[in-house]
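Here is how the chains run, residue by residue.
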Amino acid sequence: MSSKSLGVLYGVLGVVLFSSKAVMVKLAYGYDVDTLDLLLFRMIFSLPFYIFILFLIRKKTANMIIGRKDYVWLFLFGFVGYYLASYFDFLGLNYIKAGLERIILFVYPTIVVFLSWLAFKQKITKVQTIAILITYLGVLITFWDELDVGGNEVLVGGFLVLLSAITYASYLVGSGWLIPKFGVLRFTCYAMIVSTFCIVVHYLFAGDWGFMEYPWQVYAYGLAMAIFATLIPSFLVSAAIERLGASNFSILGSLGPVSTILLAYVFLDEKLTYWQLAGMSIVIFGVTYLSVQSKKSENNSSTVG
């Protein structure tokens, strides 16, 4: 199997596993667990695995030449990509359905385009502009229909999840060039350890210290999130970005809304209206359009060269 084919496989598996997180969060919220407590469980339960993996690969990475600035960038992207993005997402899920959360998060490929333009002066093409307009039209249709049911809570939840999408897109844009310097395993472990550190510091200042008072189901969901929606997909996503690049990987996210909606339907009994399904379809079409047209441009460029 080629490197790009492996990248696609890793990316698809990573996206589907990450998308299960929203369903687990909603299930845990059924036990009145605090948002910060649940996020703490997710990261603390996964921390030993990352430390153990760093121990296993210590000899392979001993000769890597990495500057101080690289570690500063690593800390920044760990803070933004896993701590802030996760915190905003967990907060938002207090107010909106898991299916709607995933549809809003799905706009992150278009945010990647904007951030690439801001950070690296990459020109926004006509194709990208059309894809962005289509994508946001789909989100608007989905979101507007939900407003009739949820009102202001949907606005708050939607805004928080949008912040999560922006911070995650920042991580994708930044980590694309940084991963090769550290290697996939080392970068992912360090980024997740940074995130865990940030969450622990946050908890020390803002936590209610009631994390030992929940029923066993809450801790089970925290452990499941740590392994199946954090540990495994974090490595899969980093490996996919290394093989495909940030822009190409972000396109695979079209599976996220579909898998979340199916899981939410089975485990949460969430039902989307016809308008919301139409909005989701438009969003997926917009990102798929961007993917297909980008591939055509790449092929044409390689042919000319």
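Calculation rules
- Residues numbered from 1 in each chain as written.
- Predicted model: local features only at pLDDT ≥ 70, side-chain atom pairs only at ≥ 80, totals over all residues.
- Heavy atoms only, no water.
- Phe/Tyr/Trp six-rings, centres within 6.5 Å; stacked < 30°, edge-to-face > 60°.
- Helix = DSSP H or I, 4+ residues; strand = E, 2+ residues; numbered from the N terminus.
- Buried < 20%, exposed > 50% of the residue type's maximum accessible area, 1.4 Å probe, protein only.
- 1 Å grid on protein atoms, 1.4 Å probe; cavity = no way out; pocket = protein on both sides within 12 Å on 5 of 7 lines; lining within 4 Å.
- Points joined across faces, edges and corners; volume = space filled by probe spheres on them.
- Nonpolar A, V, L, I, M, F, W, Y, C, P; charged D, E, K, R; others polar.
- Core = buried A, V, L, I, M, F, W, Y, C linked by side-chain atoms within 4.5 Å.
- Contact = heavy atoms within 4.5 Å.
- Salt bridge = Lys/Arg side-chain N within 4 Å of Asp/Glu carboxyl O.
- Axes fitted to C-alpha atoms, helices over the stretch in contact; angles between N-to-C directions.
- Left-handed = near helix turned anticlockwise from the far one by under 90°.

(A) Inspection of the packing of aromatic side chains at higher detail. All told, the structure shown has 18 aromatic pairs when counted by the stated rule. Ring plane angle 85° and centroid distance 6.1 Å describe the contact between Phe41 and Tyr214, whose orientation is recorded as edge-to-face. Residue Phe41 is found in helix H2 (residues 35-56), and its partner Tyr214 is found in the loop between helix H8 (184-206) and helix H9 (216-244); the two are separated by 173 residues along the sequence. Grouping residues by exposure puts Phe41 and Tyr214 together as buried. Each member of the aromatic cluster is reached from another via a ring pair, and the members are Tyr71, Tyr82, Tyr168, Tyr171, Phe182, Phe187 and Tyr190.

(B) Examining empty space enclosed by the protein more closely. For the structure shown, the criterion picks out one cavity of 30 Å³ or more. Its boundaries defined by the atoms lining it, the largest cavity holds a volume of some 330 Å³. Forming the boundary of the largest cavity are 21 residues, of which Phe18, Lys21, Arg102, Leu105 and Tyr168 lie nearest the centre. Taken together, the residues of the lining of the largest cavity break down into twelve nonpolar, five polar and four charged.

(C) Representation of the nonpolar core in the model. The biggest cluster of nonpolar side chains holds 84 residues, and the ones touching the most others in it are Leu38, Tyr108, Tyr168, Leu172, Phe187 and Phe249. With twelve residues, the single largest contributor to this core is helix H7 (residues 152-182). Not counting chain neighbours up to four residues away, the residues in contact with Phe249 comprise Gly11, Val15, Tyr108, Tyr168, Leu172, Val237, Ala240, Ile241 and Leu244.

(D) Summary view of the pattern of salt bridges. Applying the stated criterion across every chain, the model contains three salt bridges. A salt bridge links Asp89 to Lys21; the nearest nitrogen and oxygen atoms lie 2.3 Å apart. Pair noted here: Asp89 is in helix H3 (residues 68-92) and Lys21 is in helix H1 (residues 3-29), with a separation of 68 residues, a long-range link. Taking relative accessible area as the criterion, Lys21 reaches 8% and is therefore assigned buried. Linking Lys181 and Asp70 is a salt bridge whose minimum nitrogen-to-oxygen distance equals 3.2 Å. With Lys181 in helix H7 and Asp70 in helix H3, this residue pair connects regions lying 111 residues apart in the sequence. Overall, the relative accessible area of 9% leaves Asp70 in the buried class.

(E) Spatial organisation of the packing of H2 against H8. Relative to each other, H2 and H8 sit at 145°, their axes nearing to 9 Å. Handedness of the H2/H8 crossing: left-handed. Residue composition of the contact of H2 with H8, grouped by class: 19 nonpolar, four polar and two charged.

(F) Geometry of the layout of surface pockets. What the second largest pocket holds in volume is close to 160 Å³. Residue assignment for the lining of the second largest pocket shows that the elements contributing at least two residues are helix H6 (126-150) and H7. Counting residues per element, the lining of the second largest pocket draws most heavily on H7, at four residues. Residues of the lining of the second largest pocket, tallied by class, amount to eight nonpolar, one polar and no charged.

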